[in-house]
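What follows is the residue order along each chain.
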Amino acid sequence: MNSIRRWLPSKIKYKLFFAILLFVFVPLFIFQIRNYSQIEEILRQKVNWQTELQIEQVKEKFNLLHTNLLTHALEIENDPRFYTWLTQGDGSLADLDTRRIEIENELAHINSRSSPNSVFVYYSLVDKQGQVFTSYTPLKQLRANDVLSNQGLTQMAESGQSLIWLEEEMGDIGVSSHNERQLSLLSVLQQGNEEPFGYLQVSFDYDSWLKSIIRDFPVFQNYFLIDADGQILSRTRNSASLAAEWIERFHKPSNSAQEYFDRKSNMLLNVQYLSVMDWKLVSQFPFDSYIGDISGMKQQYLKTYTIFIGLFVLITFVILSSLTRPLQLLQRKMDKIVSSNFRDRLNVKRMDGEVLALAQSFNRMTDDIYELFTKLKLEEKQKEAMHFQMLLSQMNPHFLLNTLNMVKWQAVLSKQDDIAEICLSLGKLLETSLNTNVDLIFAKDELELVRAYVYITQKRWQYPFEVIYLVDPSLDYVLVPKLSLQLLVENSIHHGFSKLKDKGRIVIRMTELGQKLVIEVEDNGIGLKQAEQMSILRNRKRNGIGLTNLRERLRLLYKGEASFTLEELPQGTLARATIPLLVSNPFLEGENQLVESNSG
């Protein structure tokens, strides 16, 4: 016992130093090394879970696309329109052009149902005369042998099958692609035991598709498609590679998901079996790119820790030698400053050396903390004020709607039907304008808002006008920009009918033109030029803001795929908006209204 005491330090600074070294740094070193091992394992499990999830998503998307393409091929074969188009032509150029337009439009429509994968799928249809029809615009005029591969026709003849999947060269099908291979679905079109009336080839650019779908994945990794012979069909990065030993291991029969860790290259590997094509989908994740080289980090930590211990020994002896005497005094002063909320300062007149520097630094720190406290209190007050304003802004619209609803019911009770109907119509407009979460609404709902606005305006305006609606009910669930029709109708009323002597008339049309929806609002008003002259005489600076707003909304919503024009008519003006045709069938019938109907 006495011999142990002789080795123990007697001075307080040495005791403090060895206590910190023995009870802090040594356990910290052991704990940190253990943490590195645990972190490596946890990160590996986490990354492996994420990569498994991503590769399963790729597999599901591939299988779904495979099923969709097969379904579309069967639909084309059983569609009587294609049978008519391909068998009943009279051979004239006019008939060929007509059939080409109808067939290619329908093929493009079928391909659009595979969106967003449609850009990687190309439908090609060949009739018995060798005419080629496509779902895309080829870069050159195609012939039958450009589309139909001899390899596919030979395999179909040998197997006696009317439909076959084939992985082959891309060929010259008239598309711009950097890839040399494609997955083709080749089908002989026939009804029953009759002679074939055409051939269908669906070309799938699987390499571009695979590179496209992984761009949005949160964890970046390499993907490979490997066929049943162990050949790599596609890779998402040209520089990515797989060792031959791993390809041979993947080539072994296995229908279940597998996971491996390549310690030589520090790679995580996940394998999924694509049963529909007898392919293997492999994901390769470079573990070093996510957490770095763990062994290198450990070595770097040891070096840094050794340097830190040396600096600690040197600095500790210097600091402890100068701080042990005034330490208690400094502690009392610090307690006093803390109790005064950092408004007091240390008296540095009798201090020198390291203690003086420490005291000056502490004084600067207390000044900074006090300033931060002041800013923090000010920010808290500002946050409370902003929160109050936000709550108030949320209450105001509901207050307006509730008040309008109350006025409506008072009018109903007083048998003031016109006022009640005006309140109901105004409530619809106000509710829609306050709903900032929706930019597109059904066409039938937009027309309902127009009717509400027209009803209010007819009650308010002194000159008569009528509104004619020429809209096919099949377009009820087409999506249109919110309050776009109402704005055009309002423009016709205010600028077209203000000086009109005859009865005003507004005609609203909605027509389907290919993949576009054409919206027209025609009036028999005073026309563009006279309306502009009257606006100048009235000195109305805000004239045209609504139409400018509509143009900007169309640009933001449809990214340049929409247009808006105003045309001068012999009597009146025609406003025309052309937008993409978007149809959304609702899941539920009916809507909740904040201003109830009279029946409610």
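Residues numbered from 1 in each chain as written. Predicted model: local features only at pLDDT ≥ 70, side-chain atom pairs only at ≥ 80, totals over all residues. Heavy atoms only, no water.

Novice: What am I meant to see in the overall build of the protein here?
Specialist: Tallying secondary structure elements over the protein gives 17 helices and 17 strands in all. In the protein, which comprises 600 residues, the proportion classed as buried is 39%. With the model as given, the accessible surface of the protein reaches about 36,400 Å², and the carbon-plus-sulfur share is 54%. (Helix = DSSP H or I, 4+ residues; strand = E, 2+ residues; numbered from the N terminus. Buried < 20%, exposed > 50% of the residue type's maximum accessible area, 1.4 Å probe, protein only. Areas by Shrake-Rupley, 256 points an atom, 1.4 Å probe, with all protein chains shown as cover.)

Novice: It is not clear to me how the side chain of Asp523 should be interpreted in this structure. Could you clarify?
Specialist: In this structure, Asp523 sits in strand β15 (residues 516-523). For the buried Asp523, no salt bridge exists, and the shortest N-O distance to an oppositely charged side chain is 8.6 Å, to Arg505. There is a polar contact of 3.0 Å between the side chain of Asp523 and the side chain of Ser492. With sequence-adjacent residues up to four places away left out, Asp523 is seen in contact with Ser492, Phe497, Arg505, Ile506, Leu569, Gln571, Gly572 and Thr573. (Lys, Arg positive; Asp, Glu negative; His and termini not counted. Salt bridge = Lys/Arg side-chain N within 4 Å of Asp/Glu carboxyl O. Polar contact = N/O pair within 3.5 Å; in protein donor to acceptor, adjacent residues only side chain to side chain. Contact = heavy atoms within 4.5 Å.)

Novice: Explain the pairing of strand β7 (residues 232-235) to me, please; I cannot follow it from the model alone.
Specialist: Sheet faces and side chains relate simply in a regular strand, where the side chains alternate between the two faces. For strand β6 (residues 222-226) and β7, the ladder comprises three bridges, and the chain directions are antiparallel. Looking at β7, one finds that Phe224 is bridged to Arg235. Linking β6 back to β7 in an antiparallel pair, the connection comprises five residues, with Gly230 at a positive phi of about 85°. (Pairing = 2+ DSSP bridges.)

Novice: What is the right way to look at the environment of Gln231 in this model?
Specialist: Residue position: Gln231 is located in the loop between β6 and β7. Taking the C-alpha atoms as reference points, Gln231 and Trp279, 48 residues apart in sequence, are found 9.7 Å from one another. Those residues in contact with Gln231 that sit more than four places away from it in its chain are Leu225 and Ile226.

Novice: Before we go on, may I ask you to explain the nonpolar core in this structure?
Specialist: Taken as a class, soluble globular proteins show a tendency for nonpolar side chains to be buried jointly. Ranked by size, the top nonpolar core spans 40 residues in total, and within it Tyr123, Leu125, Phe204, Trp209 and Trp279 carry the most contacts. Considering each element in turn, this core owes the most residues, seven residues, to helix α2 (residues 12-78). With near-sequence residues (within four places) excluded, Phe204 lies in contact with Phe62, Leu65, Leu69, Phe120, Val121, Gln182, Leu183 and Trp209. Of all hydrophobic cores here, the second largest spans 32 residues; its members include Ile493, Ile506, Tyr558 and Ala577. (Core = buried A, V, L, I, M, F, W, Y, C linked by side-chain atoms within 4.5 Å.)

Novice: Would you mind going over the sheet that holds strand β16 (residues 563-569) with me for this structure?
Specialist: Sheet strands line up and pair through hydrogen bonds in the backbone, either parallel or antiparallel. On the basis of which strands lie adjacent, the open sheet formed by five strands has the order β12-β14-β15-β17-β16 and mixed pairing. Two strands close off the open sheet at either side, each with one partner strand: β12 (465-471) and β16. Averaged over all pairs of adjacent strands, the angle between strand axes in this sheet comes to 15°, irrespective of strand direction. Of the pairings in the sheet, the one linking strand β14 (residues 504-513) to β15 comprises eight bridges and is antiparallel in character. By the bridge assignment for β15, Glu512 is matched with Leu517. Across the face of the sheet, helix α14 (residues 443-460) comes into contact with β12 and β14 while running at roughly 170° to β12. (Axes fitted to C-alpha atoms, helices over the stretch in contact; angles between N-to-C directions.)

Novice: When you look at the pairing of strand β9 (residues 267-274) in this model, what are you seeing that I'm missing?
Specialist: Most of β9 sits out of view: eight of its eight residues are buried. Neither face of β9 is open: one carries Met267, Leu269, Val271 and Tyr273, the other Leu268, Asn270, Gln272 and Leu274, and all of them are buried. Note: strand β8 (residues 258-262) against β9, five bridges, orientation antiparallel. Each residue of the ladder has a partner; that of Gln258, found in β9, is Val271. Connecting the antiparallel pair β8 and β9 is a turn made up of four residues, with Asn266 showing a positive phi of about 55°. Bridge analysis of β9 against strand β10 (residues 279-286) gives eight bridges, and the strand direction is antiparallel. Residue pairing in the sheet places Met267 in a bridge with Pro286 of β10. Taken together, β9 and the strand that follows it, β10, pair antiparallel across an intervening segment of four residues, in which Asp278 is found at a positive phi of about 60°.

Novice: Before we go on, may I ask you to explain the packing of α14 against helix α15 (residues 484-496) in this structure?
Specialist: At a closest axis distance of 8 Å, the pairing of α14 and α15 adopts a crossing angle of 25°. As summarised for this structure, α14 and α15 are arranged roughly parallel, according to the angle between their axes. For the pair α14 and α15, the sense of crossing is right-handed. Here Glu446, Leu447, Val450, Tyr453, Val454, Thr457 and Arg460 of α14 lie close against α15, whose contacting residues are Ser484, Leu485, Gln486, Val489, Glu490, Ile493 and His494. In terms of residue class, the contact of α14 with α15 is built from seven nonpolar, four polar and three charged. (Parallel < 35°, antiparallel > 145°, perpendicular 65-115°, else oblique. Left-handed = near helix turned anticlockwise from the far one by under 90°. Nonpolar A, V, L, I, M, F, W, Y, C, P; charged D, E, K, R; others polar.)

Novice: I tried to follow the sheet that holds β9 on my own but got confused; where do I start?
Specialist: Across the sheet, five strands lie side by side as β7-β6-β10-β9-β8; this open sheet has antiparallel pairing. Both edges of this open sheet fall to β7 and β8, since each of them pairs with a single strand only. Averaged over all pairs of adjacent strands, the angle between their axes in this sheet comes to 20°, without regard to strand direction. Relative to β7, helix α7 (residues 206-213) is tilted by about 40°, and along the sheet it contacts β6, β7 and β10.

Novice: Help me understand unusual backbone geometry in this model?
Specialist: Positive phi is not limited to glycine here, since Asp278 has a value of about 60°. Note on placement: Asp278 falls in the loop between β9 and β10. Assessed through its relative accessible area of 36%, Asp278 is described here as partly exposed. Phi angles above zero are rare outside glycine, and Lys559 is one such case at about 50°. Examined against the element boundaries, Lys559 turns out to sit in the loop between α17 (545-558) and β16. Given a relative accessible area of 68%, Lys559 falls into the exposed group.

Novice: How do you make sense of α15 when you look at a structure like this?
Specialist: Within an α-helix, residues lying three or four positions from one another point in the same direction, as the helix has 3.6 residues per turn. For α15, spanning 13 residues, the distance from its first C-alpha to its last is 17 Å, which sits close to the expected 18 Å at 1.5 Å a residue. Judged by how many residues are buried, α15 sits mostly within the fold: 11 of 13 residues are covered. Taken together, the buried positions of α15 are occupied by Ser484, Leu485, Gln486, Leu487, Leu488, Val489, Ser492, Ile493, His494, His495 and Gly496. (Expected span 1.5 Å × (residues − 1).)

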